[in-house]
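Each chain, written out:
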Amino acid sequence: MSELPFRILPQITDLNRNFWTSGSDGKLRFLCCNQCGYFVHPPAPICPRDLSKDLSAQPVSGSATVATFTINHQAWMPGIDAPYVVAIVEIDDQPSVRLTTNIVNCAAEDIAIGMKVRVVFEHRPTPADQEDIWIPLFQPATGTS
């Protein structure tokens, strides 16, 4: 097994727990308003559309579109191999939900704005007294143009 790249891991809170731990079953989840169906991301305790506090974590398709990206040729931190791609993807289920992420399993020169991608998770085991983290990354979607 290859060594995982360096990442600064998030602090798990009651508000973001479902997002950072839901990859254990291969599903990407966001808080969703049970009243109007709006996905709330970044996580917040209230829906910005109808001000409902009735939110629950709901799975999405995991499909997204690259909105923009940058190819980093400078390793800004030790342990990060350059080049690497940082992208903003729009989740197909609700394009206003955007994630800053890495594009993986693809040559940097093959990435393009408008490219269809799908979620994959990088499992980050943590000490026994903490929950494991599943980082959502994206790779090219197969069978799409």
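The following paragraphs examine the structure supplied in this document.

Reading the values: the criteria
- Residues numbered from 1 in each chain as written.
- Predicted model: local features only at pLDDT ≥ 70, side-chain atom pairs only at ≥ 80, totals over all residues.
- Heavy atoms only, no water.
- Helix = DSSP H or I, 4+ residues; strand = E, 2+ residues; numbered from the N terminus.
- Buried < 20%, exposed > 50% of the residue type's maximum accessible area, 1.4 Å probe, protein only.
- Polar contact = N/O pair within 3.5 Å; in protein donor to acceptor, adjacent residues only side chain to side chain.
- Core = buried A, V, L, I, M, F, W, Y, C linked by side-chain atoms within 4.5 Å.
- Contact = heavy atoms within 4.5 Å.
- Phe/Tyr/Trp six-rings, centres within 6.5 Å; stacked < 30°, edge-to-face > 60°.
- Salt bridge = Lys/Arg side-chain N within 4 Å of Asp/Glu carboxyl O.
- Pairing = 2+ DSSP bridges.

Relative to the assigned elements, Q139 resides in strand β8 (residues 133-140). Since its relative accessible area comes to 11%, Q139 is described here as buried. One polar contact links Q139 to N105, side chain to side chain, over a distance of 2.5 Å.

Take the nonpolar core next. L28, F30, V89, I91, I103 and F138 are the most contacted members of the largest nonpolar core, which totals 21 residues. Secondary-structure elements contributing two or more residues to this core are β1 (29-33), β4 (63-72), β5 (84-91), β6 (98-103) and β7 (116-124). In terms of residues, this core owes the most to one element, β5, which gives 4 residues. Look past the residues within four positions of V89 in its chain and what remains in contact with it is A64, T65, V66, A67, V97, R98, L99, T101, I103, V117 and F138.

In this model, H41 is joined to P42 through a cis peptide bond whose omega is 5°. Relative to the helices and strands, P42 resides in the loop between β2 (39-40) and β3 (55-59). A positive phi angle, close to 65°, is found at L51, a residue other than glycine. In this structure, L51 sits in the loop between β2 and β3. Unusually for a residue other than glycine, N105 sits at a positive phi of about 60°. Tracing the backbone through its elements, the reader meets N105 in the loop between β6 and β7. For N105, a relative accessible area of 61% gives the class exposed.

Now for the packing of aromatic side chains. Overall, the coordinates contain 3 aromatic pairs when judged by the stated rule. Each ring, one from F19 and one from W20, has its centre 4.8 Å from the other, and the planes form 80°; the classification is edge-to-face. A residue is classified by how much of its surface remains accessible, and F19, at 8% relative accessible area, is buried. A ring pair is formed by F19 and F30, whose centres lie 5.7 Å apart and whose planes are at 35°; its orientation type is tilted. Taken together, the positions of F19 in helix α1 (residues 17-21) and F30 in strand β1 put the pair 11 residues apart, joining distant regions of the chain. Owing to a relative accessible area of 2%, F30 belongs among the buried residues under this scheme.

Enumeration according to the criterion identifies 7 salt bridges in this entry. When salt bridges that share partners are traced, they join R7, E122 and R124 into one network.

Where β5 lies against β6, 6 bridges are found, and the strand directions are antiparallel. Counted as the bridge partner of I88 is T100 from β6. Taken together, β5 and the strand that follows it, β6, pair antiparallel across an intervening segment of 6 residues.

What follows is about the sheet that holds β3. Pairing within the open sheet is antiparallel, and its 3 strands lie in the order β2-β1-β3. Every interior strand has two partners, whereas the edge strands, β2 and β3, have only one. In this structure, β1 lies alongside β3, joined through 5 bridges in antiparallel fashion. By the bridge assignment for β3, C32 is matched with S56.

Don't take any of this as a statement about function, it's just geometry.
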